[in-house]
Amino acid sequence: MISGLGARAGAVLSDVSSTEGRLAVTAAIGLLTLAVGWLLLPKAVRAGEQTVSSWIERLVDDRLAESTEGAIETFRDGVPSSFLLRLSVGLLQLALFALAGVAVLTLWGRFELVVAVLPVAENAFRVGAQVVASAMLLGGAYVVSDVVEAYVSDLSADSDRITAHQEQLLTRLAQVGLLVLAAITVLGIWGVNLGGLLVGAGFLGIVLGMAARQTLGSLIAGFVLMFARPFEIGDWVEIGDEEGFVTDITIMNTHMRNFDGEYVVVPNDLVANQAITNRSREGRLRIHMEVGIGYDDDPDEAAGIAEEVLDDIGVIANNPQPYAIPSGFGDSAILLDLRFWIDPPTPQARWRSKALAVERIQDRFADAGISIPYPQRTVSYPPEKAAADETVERVERADENGSGRPRDDPV
């Protein structure tokens, strides 16, 4: 094929036999090559890049176009775009100069040099094509990952059903999937045996899965938490023995900050296997308190005073109304159960409301003459036990006098 191509090229240039003619044709080829390679090719490549970008913008819908605008600008003006543009122009210039060299050698009757160098050129061309294809795939994966991130961010902004945790997880999964797909494609371009690689990766996955069961459990639990959504970032939660505010949710761990300012990291597998109390989910929280009054006091009067006090505390919500009801008989007092709501539920509001309730109810009960008794213990004996103890005491006193009989008995 190459010999036939050389014969045809030689036949075309056979009419140019004089040295002057060959020099003129060589100069024309050189000038034409320089004009096309240094002037026309860069402009043509940049115009093609702009045309492709415009076509992509028209292809996607309006919202996706807005989401991908930043990614397209990055592809057009960023470092990867500049690199790919320079690489494309350089390769096209190299191919043009190679063709010009072949034409000059053929013109001067040295086509056998082209045939001799052709295997090396073919290998170089193949490697160059593989490098270009790999770079384009990786650059495309980079751009598409930015597009996916922007699109998921827009979806999350427009929907209340997608949390920040879900947005982050979906973005990372999509980006990892794109990179894995691009890497597998690049390995296929370079002729790597993917079958053996996948078998080895399968065995390695089994070994790693057995060695890292807890880590995989946390990973799976992270996906479960993403879809179940028992809490979100910023919620006030209690997970097992830990209580605080959720600061971050990752695939592996849940990060919290407790009320002492400590940073707590709970693995997601432990989160999924424990009871979770979310005090922020409903937007309000009910508080229970108990206060005791004396058995001689009127429970209805005390309950009314307690409700008035709770109504006057600003941090306590008025809807639903707070109320106090007698709930039982204690060892030393009649118990009143106080129930009220705080809105929004925060630890500061809970502590503040309880402190104010204790202070003001104590003052109002004191003004109304209602006692708040403390526990007391009275020790008494049955009549038979009391008489026996008195006899023993009298005998002990007689022994002390030495008369053998009680001191207060008649002689």
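Just above, that's the structure.
A brief report on the enclosed structure follows.

Calculation rules
- The residue count restarts for each chain, going from 1 along the sequence in the order it is written.
- Residues qualify for local features only when their pLDDT is at least 70, as the model is predicted, and side-chain atom pairs are given and counted only at 80 or more; totals for whole chains, interfaces and linings, by contrast, use all residues.
- Side-chain metrics in this entry use all non-hydrogen atoms of the structure; hydrogen atoms and water are not considered.
- Any Lys or Arg side-chain nitrogen located within 4 Å of an Asp or Glu carboxyl oxygen qualifies as a salt bridge.
- Only DSSP runs of H or I with at least four residues qualify as helices, and only runs of E with at least two residues qualify as strands; both kinds are numbered from the N terminus onward.
- Relative accessibility decides the category of a residue: with a 1.4 Å probe and only protein chains considered, values under 20% of the type maximum give buried, values over 50% give exposed, and everything between is partly exposed.
- Strands are treated as partners if at least two bridges between them are detected by DSSP.
- Between N-to-C directions, angles span 0 to 180 degrees; the directions come from axes that are lines fitted to C-alpha atoms, helices contributing only their stretch in contact.
- Whether two residues are in contact is decided by their heavy atoms: any pair within 4.5 Å suffices.

1. A few points about the pattern of salt bridges
Okay, step 1: For the structure shown, the criterion picks out 6 salt bridges.
Okay, step 2: Between E243 and R350 there is a salt bridge, and its shortest N-O distance comes to 3.8 Å. Here R350 lies in helix α11 (residues 347–368) and E243 lies in strand β2 (residues 242–249), a separation of 107 residues in the sequence.
Okay, step 3: Given a relative accessible area of 18%, R350 falls into the buried group.
Okay, step 4: In this structure, the salt-bridge partner of R364 is E308, at a minimum N-O distance of 3.0 Å. Linking R364 in helix α11 with E308 in helix α10 (residues 299–311), this pair joins segments that are 56 residues apart in sequence.
Okay, step 5: Using a relative accessible area of 43% as the deciding quantity, one classes E308 as partly exposed.
Okay, step 6: Three or more residues joined by partner-sharing salt bridges are found here, namely E238, E243, R279 and R350.

2. Concerning unusual backbone geometry
Most peptide bonds are trans, and most residues other than glycine sit at a negative phi.
Okay, step 1: Of note, the bond from N319 into P320 is cis; its omega dihedral lies within 30 degrees of zero at 0°.
Okay, step 2: If you trace the backbone, P320 turns up in the loop between α10 and β7 (323–329).
Okay, step 3: With an omega dihedral of 0°, the bond running from D343 to P344 counts as a cis peptide bond.
Okay, step 4: Mapped onto the secondary structure, P344 falls in the loop between β8 (334–342) and α11.

3. Focus on the sheet that holds β8
Backbone-to-backbone hydrogen bonds join strands into a sheet, with any given pair of strands oriented parallel or antiparallel.
Okay, step 1: Read across the sheet, 3 strands follow the order β6-β8-β7 without closing on themselves; strand pairing throughout is antiparallel. Edge strands, defined here as strands with exactly one partner in the open sheet, are β6 (285–293) and β7. Put simply, the sheet's adjacent strands are angled 30° from each other on average, direction ignored.
Okay, step 2: Strands β6, β7 and β8 of the sheet are contacted by α10, whose axis makes an angle of about 20° with β8.

4. A short note on the pairing of strand β3 (residues 253–258)
Side-chain direction in a regular strand flips from residue to residue, so the side chains alternate between the two faces of the sheet.
Okay, step 1: Sheet topology places β2 next to β3; 5 bridges connect them, and they run antiparallel. Within β3, the position partnered with G244 by the bridge is N258.
Okay, step 2: Turn length for the β2-β3 hairpin, with the two strands adjacent in sequence and antiparallel, is 3 residues.
Okay, step 3: Relative to strand β4 (residues 263–267), β3 runs antiparallel, the two sharing 5 bridges. Its bridge partner lying in β4, R257 is registered against Y263.

5. What about the environment of L285?
Okay, step 1: On the secondary structure map, L285 appears in strand β6.
Okay, step 2: On the basis of relative accessible area, L285 is assigned to the buried category, the value being 15%.
Okay, step 3: Once the C-alpha coordinates of L285 and W341 are considered, the two residues, 56 residues apart in sequence, prove to be 5.4 Å apart.
Okay, step 4: Contact partners of L285, with chain neighbours within four places excluded, come to W236, R279, F340, W341, I342 and P345.

Don't take any of this as a statement about function, it's just geometry.
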